Amino acid sequence: MYLLLSMVRNLVMEPSNPDVLESLPPPPPTIPQDFAPAKASQPKRFPMARRGMGTKGQKLQLLTNHFKVGMASSSEYFFHYSVSMFYEDGTPVDSKGIGRRVLDKVHETYDSELAGKDFAYDGEKSLFTIGSLPRNILEFTVVLEDSHSNRNVGSGSPGGKGSPNESDRKRSRRQFQSKTYKVVINYAAKIPMQAIADALRGHETEHFQDAIRVLDIILRQHAAKQGCLLVRQSFFHNEPRNFTDLGGGVLGCRGFHSSFRATQGGLSLNIDVSTTMIVQPGPVVDFLLANQKVREPYDIDWVKAKRTLKSLRIQARPSNAEYKITGLSDRPCRDQTFLLKQRSGKDGEVEPIELTVYEYFLNHRKIALQYSADFPCINVGKAKRPVYIPLELCSLVSLQRYTKALSNLQRASLVEKSRQKPPERMRVLTDALKRSHYDADPLLGSSGISIGTQFSQVEGRILPAPRLKVGNGEDLFPRNGRWNFNNKRLVNPAEIERWAIVNFSARCDIRGLTRDLIKCGQMKGIVISPPFEAFEENPQFRRAPAPVRVEKMIELVKGKLPGPPQFLLCILPEKKNSDIYGPWKRKNLAELGIVTQCIAPTKVNDQYLTNVLLKINAKLGGINSLLTTEDSPSIPVVSRVPTIIIGMDVSHGSPGRSDIPSIAAVVSSREWPLVSRYRACVRTQSPKVEMIDSLYKRVSDTEDQGMFRELLLDFYASTGKRKPDQIVIFRDGVSESQFNQVLNIELQQIIEACKFLDEQWCPKFMVIVAQKNHHTKFFQTNSPDNVPPGTVIDNKVCHPKNNDFYLCAHAGMIGTTRPTHYHVLHDELGFSADDMQEFVHSLSYVYQRSTTAISVVAPICYAHLAAAQMSQFVKFDELSETSSSHGAITSAGGVPVPELPKLHPNVRSSMFFC
C-alpha cells in the first residue's frame, strides 16, 4: 500500500506524463478479515558473478571472431512499438512473410507522418525507433500490388468450381491483385541505450537484453533488405556458389551468423560461418526424383511426395507468379476435371463446362505439356476451392529451408563440406564483414554504433593435460590430447567367461574376428574365454521385420545356451541406422538384462578392436584408465568429501515433428572418490520441452518416483552408504535465456528430492552449463593450426560480470576447433578459478570410450549417449498424435507421453550406454 501511495505521489509531482497516469491500476479491493498471506516462495536464484580469473597454464596470444564495436555515449532511447495488421474487412493478418513488405510500404508512403524516422522491424509484431514517433498510436492504410497472391492468375491455373481464368479479358485485368492493409502502431515501451554501456561496466539492468535485441533486429532487417533467408541471427544469400549438394534433393547453404555480444572488452560483433539446409531449387519433378532416389517420374511415391511438398513455395510458368503448395490432385492431370465458366455466344450467359486440367492447358492456354498428363497436379488452392497447376510448369523457388532430419549420409556430407581450416575461416569472415556494409546502415549510424574491422586479441592459457593411471600402477602422459594403450594394460579389466556371438551379417569372418578379439584383450589385461557359440541368423528371416528377426535370434540363443550369458557380441549388417539395433538393445537391456555390444566391422585392425574392447570393458564394470588425482585421491574440493557429479541433457525429435517426445537423460557418478564411473536414468517428457520435469516426482507422502532419487540411492549404495555432501551438476543444451529456469526449476527439484530423502540433509550445490552451440572461435596469431588442446580463455570475450570461460580441451584435427563455453551459474563449494578450470578440463579425460580428450565433460557426453540409445527402444516417429496412450505418462500439460521401457535390474547400474 505504501508503494502504491509513493507511486501516486511521484506522479502528482510529474504532471507532464499523462500517459502513465492513465495506465495506473485500479485501487485494490478491501482486504477481507479472514485473509491469510500466501506462503513465501523460494528466493529466486540468479547466475553468480565472477570471483576471479585463472592464472595457471602457459600463456599464448589468440585472435577471436569478435569485432570491437564503438558506441557513442547516448542519452537517447529505443522506442518499442507493437504492430498490428488487418485486411480491409478487419480480419487480422499473419504478418510473417508479408509484414516486411507492408511496413516498407508504410515507410515509403507516410514518411512525413513518421517524422522521417527509420525503424527496425522484426518481421512480426515489434518495431523500434530511435526517439519517439509523433504519436503513441498511429494508423495507416496501404495498398500492395500483390503479384504473389493465390488469386494471381498468370499461370492459367484452373480451379475446382470454376477457373480463376474465366476469360482472357479478365486474365489481363487481374494480372496483379491489389490488397489493402490497415496497420496500427502502438507505443509499448522505451529502452535506454545507456543500458548497454552500464552492462559493459558490470551493472546489468533489466533493459540491457532488450537493447541488445534491438541491435540484433537491426542486423536482421539489414540482411532482409539484401534478400537473405533469415534463420534467427544467421543470414543466407541466394548465391549458388554458397550451395553444396548433400543428396536427396537437399542443399547445404553457407551463410554467416552476426550478433552483438556484451563482453569484458566492451560491446563486440560476433561473426561466424553458418550453414543451413535448403530444398533444391528448380523443377519440382527434379527435386522429387532426387529426394526419393528414383530415376523416372513413374517411380515416384506420390503419397510421400505430397507430405514432402506441402507448404513449399513454387514459381509457375509462364507468369512466374509464386504460390504455396497445399497438396496434390487426387487424379492425374489428364483425368482431373473442374468446371470452367464460359459465356455462351448467343445470349452472353455464363455456362459451366467440365473439362480436364490437361485439356484446359492444351486447348485454352495453348501450352503443350510434355510429361504431366500421367502425374498429379500441384494444388495451390484451398480444400474447398482447389487450384491445379501441371507438374512441369512448377519450379521450387530458392532459399526454402529443409527442416526434416538428415540421413547419416547427408549429415556426414554436410560436415565434410562445411569444414574450414582456421586461415580459410578467417578469410571468409573478413570478407563477410566487408560485404555486409554495416557502416551504411542508417539505424546503426543513428545509434552511434561503429564496427571495427580487425579480429579481437585475447589471451589464452594452455592447461597441462592431467596424468592418467593405467594397469600395473603405470602412469600415462597424454600428448596433444591423445594417448594409446600400446603395450599397456587397462587399470581394471573385466573377465569375460560366458559369452556368445550373434551374427545378423552374412559377410563376416567370425572365426578370425574372435581370434583377434581374444588376443587383443589378452594384451590389455582382459581375460576372454572362447565364446560358447557363434549363432548365425537363419536366412529365411533376413527379410522379416527387425523385431521378428531379433525374437528368432533370441529363441535360438536361449535354446542352446545352458544359462544367461554375461555378454553378447552382436554383428549388424549395416554400420549406421540398422533397423535391428533398437529392437536388439531393447530386448537385451529391458527384458533380459544382458550386456551387449553391437559392431559392423569393415576394417578390423588393432585400433578397431581396442576401441571395441574399451566399450565392452566399461559396460561390464571395468575401468580403462583413471586420473592419477582420482586414484590418489587429490582432486581439489571434490576429493575432500563425498561428491556426486551429474550430467544432464534433453534431446528432442527432428524439427518437423512436434509429436515425438523429448528424452531427458541424467547420469551420475558412483563409487566416490571415483569420477570415471557413471550410471544413467532416462525418461520421456513433453515434446520440445527443455526443462527436465521429472527430477523430483512426489506421488505420495512416502514415495518420490523422480529421476534424482534413483541416482542418489545408487550413489549411497555404491559409496559405502554415504550421502553426497556436494553435488556438482553439468547441464547441456540450454541457452542464456534459460539459465534462471535451470537454477529455479531444475535445481529446486533436486533440492526437494534431497529433502524428501532426509529433511536434515543439506548438501552443497554447484551448477555449470556447457554450451557447444555458439559462434565464438579462436585462432593462433602465428600458426595456421588450431589452438592447442587445453586452451582456456576467461577474459576479453567472456561475460562482463558472470562467471564463464571457454575451453578447448580436445585436439581439433579437422576444420576449426569449436570451444565449449562453460557458465558457472551457482557455486556453494568455493572453487577457485584455477581449480574449477582444471577440474572441468580433467573431466574431458575420463571418457571411457576413447583414448582422446573430448570437447565437453564426460558426464554430458554420457547423457547424450544414454538418451540416444534408449530413444531407439521405441520408434517414436511411427507413433501418431492419435495413438493409444497405453503405457504413457502424463506431462505437465496434461498430454499423454509414451513411456520408455524400464531397464532390467541386472544392467540398470551399468554403463550400458558406453
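Residues numbered from 1 in each chain as written. Predicted model: local features only at pLDDT ≥ 70, side-chain atom pairs only at ≥ 80, totals over all residues. Heavy atoms only, no water.

**Section: the overall build of the chain**
In step 1: Counting its secondary structure elements, the chain contains 21 helices and 41 strands.
In step 2: Nonlocal contacts in the chain, meaning residues at least 24 apart in sequence, comprise 72% of its contacts between residues at least 6 apart.
In step 3: Here the chain displays about 43000 Å² of accessible surface, and carbon together with sulfur accounts for 50% of that area. (Helix = DSSP H or I, 4+ residues; strand = E, 2+ residues; numbered from the N terminus. Contact = heavy atoms within 4.5 Å. Areas by Shrake-Rupley, 256 points an atom, 1.4 Å probe, with all protein chains shown as cover.)

**Points about the environment of L674**
In step 1: With respect to the helices and strands, L674 occurs in the loop between β32 (662–669) and β33 (678–685).
In step 2: Counting along the chain gives 48 residues from L674 to L626, while the straight-line C-alpha distance between them is 8.2 Å.
In step 3: Setting aside anything within four residues of it in sequence, one finds L674 in contact with I623, L626, E630 and S669.

**Regarding helix α18 (residues 707–718)**
In step 1: Its 12 residues give α18 an end-to-end C-alpha distance of 17 Å, which sits within 8% of 16 Å, the value for a rise of 1.5 Å per residue.
In step 2: The inward-facing, buried residues of α18 contact β31 (643–651), β32, β33, β34 (726–732) and α19 (739–757).
In step 3: Positioned one or two residues after α18, G720 has a phi angle of 65°, which is positive. (Expected span 1.5 Å × (residues − 1).)

**A look at the packing of aromatic side chains**
Each aromatic ring pair is summarised here by two numbers: the centre-to-centre distance and the angle between the ring planes.
In step 1: Applying the stated criterion across every chain yields a total of 23 aromatic pairs.
In step 2: Relative to F140, the ring of Y110 lies with its centre 4.7 Å away and its plane at 40°, an arrangement referred to as tilted. Separated by 30 residues along the polypeptide, Y110 in the loop between α3 (99–109) and β3 (120–121) and F140 in strand β5 (residues 137–146) bring together distant segments of the chain.
In step 3: Aromatic side chains F338 and Y360 sit 5.6 Å apart centroid to centroid with 80° between the ring planes, which places their arrangement in the edge-to-face category. (Phe/Tyr/Trp six-rings, centres within 6.5 Å; stacked < 30°, edge-to-face > 60°.)

**Section: the sheet that holds strand β19 (residues 388–389)**
In step 1: The sheet built from three strands is open, its strands ordered β15-β18-β19 with antiparallel pairing. Looking at the sheet topology across the chains shown, the edges are occupied by β15 (327–332) and β19.
In step 2: In the sheet, strand β18 (residues 376–379) pairs with β19 via two bridges, with the strands oriented antiparallel. Bridged to I378 within β19 is I389. (Pairing = 2+ DSSP bridges.)

**A short note on the environment of R100**
In step 1: Counting through the fold element by element, R100 comes out in helix α3.
In step 2: A C-alpha to C-alpha distance of 7.4 Å links R100 and Y121, two positions 21 residues apart in sequence.
In step 3: In contact with R100, other than residues within four places in its own chain, are Y121, D122, G123, R220, Q221, A224 and L230.

**Some points on the side chain of S456**
In step 1: Turning to its location among the elements, S456 is positioned in strand β21 (residues 449–462).
In step 2: We classify S456 as buried; its relative accessible area is 18%.
In step 3: Among all residues touching S456, those that are not within four sequence positions of it are L62, L63, T64, H66, F67 and K68. (Buried < 20%, exposed > 50% of the residue type's maximum accessible area, 1.4 Å probe, protein only.)

**Here we look at the pairing of strand β35 (residues 764–771)**
In step 1: By the criterion of burial, β35 is predominantly enclosed, with seven of the eight residues buried.
In step 2: When β34 meets β35, the two strands line up parallel, connected through seven bridges. Note that in β35 the partner of I729 across the bridge is V767.
In step 3: The β-α-β motif built from β34, the intervening α19 and the parallel element β35 has right-handed crossover chirality. (Right-handed = clockwise from strand over helix to strand, strands pointing away.)

**Observations concerning the confidence of the model for the chain**
It should be kept in mind that the predicted coordinates are not to be read in detail where pLDDT is low.
In step 1: Summing up the model confidence of the chain, the mean pLDDT is 87 and the portion of residues at 70 or higher is 89%.
In step 2: In the predicted structure, residues 147–176 sits below a pLDDT of 50 and forms 87 contacts with residues beyond four places in sequence or in another chain.
In step 3: pLDDT under 50 marks residues 879–886. Its contacts with residues more than four places away, or in other chains, come to eight contacts. (pLDDT = per-residue confidence, 0-100.)

**Quick word on the pattern of salt bridges**
In step 1: Evaluated as defined, the whole model comprises 35 salt bridges.
In step 2: Across the pair E322 and R313 runs a salt bridge, and its minimum N-O distance is 3.6 Å.
In step 3: For R313, a relative accessible area of 34% translates into the label partly exposed.
In step 4: A salt bridge links D701 to R698, with the shortest nitrogen-to-oxygen separation between them at 3.0 Å.
In step 5: Using a relative accessible area of 64% as the deciding quantity, one classes D701 as exposed.
In step 6: Overlapping salt bridges bring together R670, E671, R677, R679, R683, E710 and D714 as one network. (Salt bridge = Lys/Arg side-chain N within 4 Å of Asp/Glu carboxyl O.)

**Details of the sheet that holds strand β20 (residues 394–396)**
In step 1: A sheet is described by the order of its strands in space; here four strands give the open sequence β12-β20-β13-β14, paired in antiparallel fashion. The strands lining the two open edges of the sheet, one partner per strand, are β12 (282–283) and β14 (321–324).
In step 2: For β12 and β20, the ladder comprises two bridges, and the chain directions are antiparallel. Across the sheet, P283 pairs through a bridge with S395, a residue of β20.

**Considerations on helix α16 (residues 606–619)**
In step 1: Here α16 is 14 residues long and its end C-alpha atoms lie 20 Å apart, about the 20 Å a rise of 1.5 Å per residue gives.
In step 2: The elements touched by buried residues of α16 are β24 (495–496), α13 (510–524), β26 (527–528), β28 (567–571), α15 (581–592) and β29 (595–599).
In step 3: The distance from a side-chain oxygen at the start of α16 to the backbone nitrogen of Q607 is 3.2 Å, and the residue carrying that oxygen is N605.
In step 4: G621 sits one or two residues past α16 and shows a positive phi near 100°. (Polar contact = N/O pair within 3.5 Å; in protein donor to acceptor, adjacent residues only side chain to side chain.)

**What about the side chain of T820?**
In step 1: Relative to the assigned elements, T820 resides in strand β39 (residues 820–827).
In step 2: Within polar-contact distance, the side chain of T820 engages the backbone oxygen of S855 at 2.6 Å.
In step 3: Contact partners of T820, with chain neighbours within four places excluded, come to A770, Q771, K772, H774, F805, Y806, L807, S855 and V856.

**Observations regarding the nonpolar core**
In step 1: One finds F730 and Y862 to be the most contacted residues of the largest nonpolar core, which totals 84 residues.
In step 2: Sort the elements by how many residues they give to this core and helix α21 (residues 858–871) lands first, with nine residues.
In step 3: Not counting residues up to four positions away in its chain, the partners in contact with Y862 are V667, Y678, V846, Y847, Q848, M911, F913 and C914.
In step 4: Counting 43 residues, the second-largest nonpolar core is a separate cluster that includes I325, L355, C377 and L414. (Core = buried A, V, L, I, M, F, W, Y, C linked by side-chain atoms within 4.5 Å.)

**A closer look at unusual backbone geometry**
Among all residues except glycine, the phi angle is most often negative; among peptide bonds, the trans geometry is most common.
In step 1: Following S632, the chain continues into P633 via a peptide bond in cis, with omega recorded as -15°.
In step 2: One non-glycine residue with positive phi stands out, namely K293, at about 55°.
In step 3: Locating K293 in the fold gives a position in the loop between α7 (284–292) and α8 (302–309).
In step 4: Positive phi values are uncommon outside glycine, yet K796 reaches one of about 60°.
In step 5: Inspection of the secondary structure assignment puts K796 in the loop between β37 (791–793) and β38 (804–808).

**Remarks on the packing of α7 against α8**
In step 1: Across the interface, α7 lies against α8 with an axial gap of 11 Å and an inter-helix angle of 110°. Put simply, α7 runs roughly perpendicular to α8. Regarding α7 and α8, the two cross each other, and that crossing is right-handed. In contact with V284, F287, L288, N291 and Q292 of α7, α8 contributes W302, K304, A305, T308 and L309.
In step 2: Here the contact of α7 with α8 is composed, by residue class, of six nonpolar, three polar and one charged. (Axes fitted to C-alpha atoms, helices over the stretch in contact; angles between N-to-C directions. Parallel < 35°, antiparallel > 145°, perpendicular 65-115°, else oblique. Left-handed = near helix turned anticlockwise from the far one by under 90°. Nonpolar A, V, L, I, M, F, W, Y, C, P; charged D, E, K, R; others polar.)

**Observations concerning the environment of S132**
In step 1: Positionally, S132 belongs in the loop between β4 (126–130) and β5.
In step 2: Its relative accessible area of 38% is what places S132 among the partly exposed residues.
In step 3: Spatially, the C-alpha atoms of S132 and Y81 are 9.5 Å apart, while their sequence positions differ by 51 residues.
In step 4: When sequence neighbours within four positions are dropped, the list of residues in contact with S132 reads F79, Y81 and K117.

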